[in-house]
Amino acid sequence: MQQVVAVVGGTGAEGSGLALRFAKAGLRVLIGSRNLDRAQAAARQIASQAGAGEVTGHTNPDAVSKAAIVILTVPLSAQVETLKSIRTGLTSAVILVDATVPLEIGIGGRLSRTVTLWDGSAAQQAARLVPAAVPVVASFHALSAEALARLDQPVDCDTLICGDNPEAKAAVSQVAETIPGVHAIDAGPLDNARYLESSAALLIALNLRHKVKHCGLRITGLGHVYR
Ligand SMILES: NC(=O)c1ccc[n+]([C@@H]2O[C@H](COP(=O)([O-])OP(=O)(O)OC[C@H]3O[C@@H](n4cnc5c(N)ncnc54)[C@H](OP(=O)(O)O)[C@@H]3O)[C@@H](O)[C@H]2O)c1
């Protein structure tokens, strides 16, 4: 069955990179934005680059209302405001995937440091802000926008997935593994999102230290958990 995926913040670097890869894999992708014109322009650009799938532009709430999986790709500073704008469209039938890395740079600090949130992680903060029945999953933190945009190359990276709903994790894993080179790994309950978010900051620190644009994460010894 073809999953309909909405990317809230899909006009940005990470969201458009994910959308591009999902469209290339033949998925139906809805680009969400605060601004309809911006969403439609991004959708046109992604569709022409991917040459596959079906990509359309929407306001964030409209995209959410039509999707089975909603991926949130906005900066931490915009996470609360964005979730408030879409939460009425989120139900038990819609999976929310939070990809937020709570970086200190958002408050004027370092790019490679995370900030501590009251809930323990950005994903748990997201879960608190949406109706309790919504299955919330944290993933995609380690997939860099830069690597996603290079359509001619596989993304040499695993993606860890955590959440409290096994079916939601399996569905998100299936979508994640449509990206060539990406293996999805079950990383346990949503409580573990703090580790996923911190490991993305670690990858950023490694990129800076070794002066590379994107290094990936590979977990060996587990096999293909969702295959
Ligand atoms: N960049 C990466 O490589 C990467 C990798 C993994 C995870 N992430 C995470 O993904 C999220 C998005 O990162 P990004 O690099 O794609 O960010 P970005 O390009 O700066 O922003 C993404 C989108 O967020 C929307 N947005 C909503 N409210 C906003 C506000 N108040 N200020 C600015 N933008 C706002 C904007 O869309 P509209 O203006 O169209 O509404 C924007 O295009 C972050 O939480 C980041 O930690 C990023």
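It should be noted that the structure appears before, not after, this text.
Residues numbered from 1 in each chain as written. Predicted model: local features only at pLDDT ≥ 70, side-chain atom pairs only at ≥ 80, totals over all residues. Heavy atoms only, no water.

Draft legend 1. Focus on a nonpolar patch on the surface. A cluster of nonpolar side chains, namely I105, L111 and L208, defines an oily patch on the protein surface of about 260 Å² accessible area. Note on placement: L111 falls in the loop between β5 (95-98) and α5 (122-129). (Patch = residues over 30% accessible without salt bridge, like charges linked within 9 Å, V, L, I, M, F, W, Y side chains within 5 Å. Areas by Shrake-Rupley, 256 points an atom, 1.4 Å probe, with all protein chains shown as cover. Salt bridge = Lys/Arg side-chain N within 4 Å of Asp/Glu carboxyl O. Helix = DSSP H or I, 4+ residues; strand = E, 2+ residues; numbered from the N terminus.)

Draft legend 2. Spotlight on the site of the ligand. Surveying the vicinity of the ligand reveals 20 residues, the closest of which are T11, E14, S33, R34 and V74. The separation between an oxygen atom of the ligand and a polar side-chain atom of S33 is 2.5 Å. In this structure, R38 approaches the ligand through a side-chain N or O atom, which is 2.9 Å from an oxygen atom. For the ligand, whose accessible area on its own is 880 Å², the fraction buried by protein is 73%. Of the residues contributing to the shell around the ligand, the split by class is nine nonpolar, eight polar and three charged. (Near = heavy atom within 4 Å. Polar contact = N/O pair within 3.5 Å; in protein donor to acceptor, adjacent residues only side chain to side chain. Nonpolar A, V, L, I, M, F, W, Y, C, P; charged D, E, K, R; others polar.)

Draft legend 3. Inspection of the packing of helix α1 (residues 13-24) against helix α2 (residues 36-50) at higher detail. For the pair α1 and α2, the least separation of the axes is 9 Å and the interaxial angle reads 45 degrees. Considered as vectors, α1 and α2 are oriented oblique to each other. By crossing handedness, the relation of α1 to α2 is classed as right-handed. On the side of α1, the interface is formed by S16, A19, L20, A23 and K24, while α2 contributes I46, Q49 and A50. Here the contact of α1 with α2 is composed, by residue class, of five nonpolar, two polar and one charged. (Axes fitted to C-alpha atoms, helices over the stretch in contact; angles between N-to-C directions. Parallel < 35°, antiparallel > 145°, perpendicular 65-115°, else oblique. Left-handed = near helix turned anticlockwise from the far one by under 90°. Contact = heavy atoms within 4.5 Å.)

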